[in-house]
Every structure is written in structure tokens, then in C-alpha cells.
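# Coordinate inspection notes
Next come the chains, spelled out residue by residue.
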Amino acid sequence: MIRIGLEKLEAEIKKNIASEIEKIEAETQKEIESIRAGFQKSAGEQAEKIRRDSEKEKEMIQKRIVADAKTQVKEMICAEKNRIIDEVFQEAGSVILNLNEKEKKRTLEALAEEGRKEVKDPVILVDGEYKKLLKGAEAAELGDFGVVIVNKEGTLRIDSTLGSRLKQMKKTLKPRIASILFAENDETLSDR
């Protein structure tokens, strides 16, 4: 009898244990599903945030690329305009250098007269190549067409050579030449 009672008790305990195990497994499964749902939700939110951030970054990169391209195009256009204007000044210099002797002499005389008005007791210097065109001028290695006026003390020097004059005119006339050549008021051109 005790044996039957023990077997019954053992069967009852096993039944209760099996029931408890099923409850624990069911609760564990619910907990696992809840955790999995939380992870999936969090992962979905993170994936959406990454996607949004990626889209923003892509848009920023595209805008940066477009802005850089526009800047490069502007720089290229500006460089080309500067090159064309430089050619205009070079052509002007060539025209002067290709004047006949009579016109060169008249030009040198006008430059010398201009200098005489500015400097008391001037010394007029011309490149050795042009000395014969201007009476009273001293030969110097100027390497350029035109005159350089200095006072006797050497404290004042006025450079009226072609290169110097073109450089001065370039600074003042560049915007006007740009507006004529390119039909615009262009202040983006450099003063090179």
C-alpha cells in the first residue's frame, strides 16, 4: 500500500512537474517573442534611421558635387575670359611694336614730353634699340619700347615703357574691356 501510494505520489509529482515545465516553456516562449518583437522594432527603427541618414548624406554629396562643378565652371570661364583679355593687351602691345619708325618716334617724343612736365631737369632713358629715334635720350637696357624719366638725383623715376603702361591700363580698363567683349559687367576677373 505504501508502494501504491508512493507510485501515485510520484505520478502526481511528475504530472505537476510536466505541467510546470509546460507553463515555464510557454512563458519563456512569450518572453522570447516579446524580446524578438522588441529587437525587430528597434532594428526596423535603426534601419529606417540609417536609410534617412543615408538619403540626407546622398543629397548633401550631390549638392556638394554640383556646387563644386559650378565653381569649377565659373573658374574655367573666368580663366578663359582673363586669357582673352590678356590676348587683347598683347595684341595692343604688338600693334605698337609694329608701328613704323616715324610713328614710333612720334610716340617716344610724346612720352618724353609728358615726363618733362612731371620732372624738373629730367634724364630721359630709352632702350638702346630706340635711342636713334629720340634726340637727347640716353641709352639704357630697358628691354622695352618707351621711355623712363628720372631726375638728376635719381630719387624720382617715371616708367613709361610699353609694358608698364599696358600693366597700368590693364588694371583700369579690364572691367570695361570685359563688358565690351563679353557684354557684361564682370567684376570676377582678376587683376593679374
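The shown structure was predicted, so the numbers you read here are calculated from the model rather than taken from an experiment. (Residues numbered from 1 in each chain as written. Predicted model: local features only at pLDDT ≥ 70, side-chain atom pairs only at ≥ 80, totals over all residues. Heavy atoms only, no water.)

### Description of the overall build of the protein chain
Helix and strand counts for the protein chain come out as three helices and four strands. Counted from the first residue to the last, the protein chain has its helices and strands arranged as α-α-β-β-β-β-α. Since a compact globule built from 192 residues should have a radius of gyration of about 16 Å, the 46 Å found for the protein chain marks it as more spread out than a globular shape. Overall, the C-alpha framework of the protein chain stretches about 155 × 40 × 25 Å when taken along its three principal axes. Taken across its 192 residues, the protein chain has 21% of its residues classed as buried. When contacts within the protein chain are restricted to residue pairs at least 6 apart in sequence, long-range pairs at least 24 apart make up 51% of them. By element, 55% of the accessible surface of the protein chain is carried by carbon and sulfur atoms, the whole surface being about 14,800 Å². The averaged location of the 39 negative side-chain charges in the protein chain is 3 Å from the averaged location of its 38 positive side-chain charges. (Helix = DSSP H or I, 4+ residues; strand = E, 2+ residues; numbered from the N terminus. Rg over C-alpha atoms; globule rule 2.2 N^0.38 Å. Buried < 20%, exposed > 50% of the residue type's maximum accessible area, 1.4 Å probe, protein only. Contact = heavy atoms within 4.5 Å. Areas by Shrake-Rupley, 256 points an atom, 1.4 Å probe, with all protein chains shown as cover. Lys, Arg positive; Asp, Glu negative; His and termini not counted. Charge placed at Lys NZ, Arg CZ, Asp CG, Glu CD.)

### Notes on the environment of M169
Here M169 shows up in helix α3 (residues 162–182). Expressed as a C-alpha distance, the spacing of M169 and I17, which sit 152 residues apart in the sequence, is 106 Å. M169 has contacts with F89 and K174, leaving out every residue within four places of it along the chain.

### Description of the packing of aromatic side chains
Scanning all chains against the criterion turns up one aromatic pair. Ring centres 4.9 Å apart and planes at 85° place the aromatic pair Y130 and F145 in the edge-to-face group. Here Y130 is found in the loop between β1 (122–127) and β2 (138–140), whereas its partner F145 is found in the loop between β2 and β3 (146–151), with 15 residues between them in sequence. With a relative accessible area of 8%, Y130 lands in the buried category. (Phe/Tyr/Trp six-rings, centres within 6.5 Å; stacked < 30°, edge-to-face > 60°.)

### A closer look at helix α2 (residues 101–118)
For α2, with 18 residues, the first-to-last C-alpha span of 26 Å sits near the 26 Å given by 1.5 Å per residue. Looking only at α2, the buried set comprises K104, L108, L111, A112 and G115. For α2, the arc enclosing every buried residue in end-on projection is 100°, short of the 170-degree limit, so these residues lie on one face. Exposed side of α2, more than 90 degrees from the buried face: K102, R106 and K117 are the residues found there. Regarding α2, its N-cap is N100, as a side-chain oxygen of that residue lies 3.1 Å from the backbone nitrogen of K102 further along. (Expected span 1.5 Å × (residues − 1). Arc of directions from axis to C-beta. Polar contact = N/O pair within 3.5 Å; in protein donor to acceptor, adjacent residues only side chain to side chain.)

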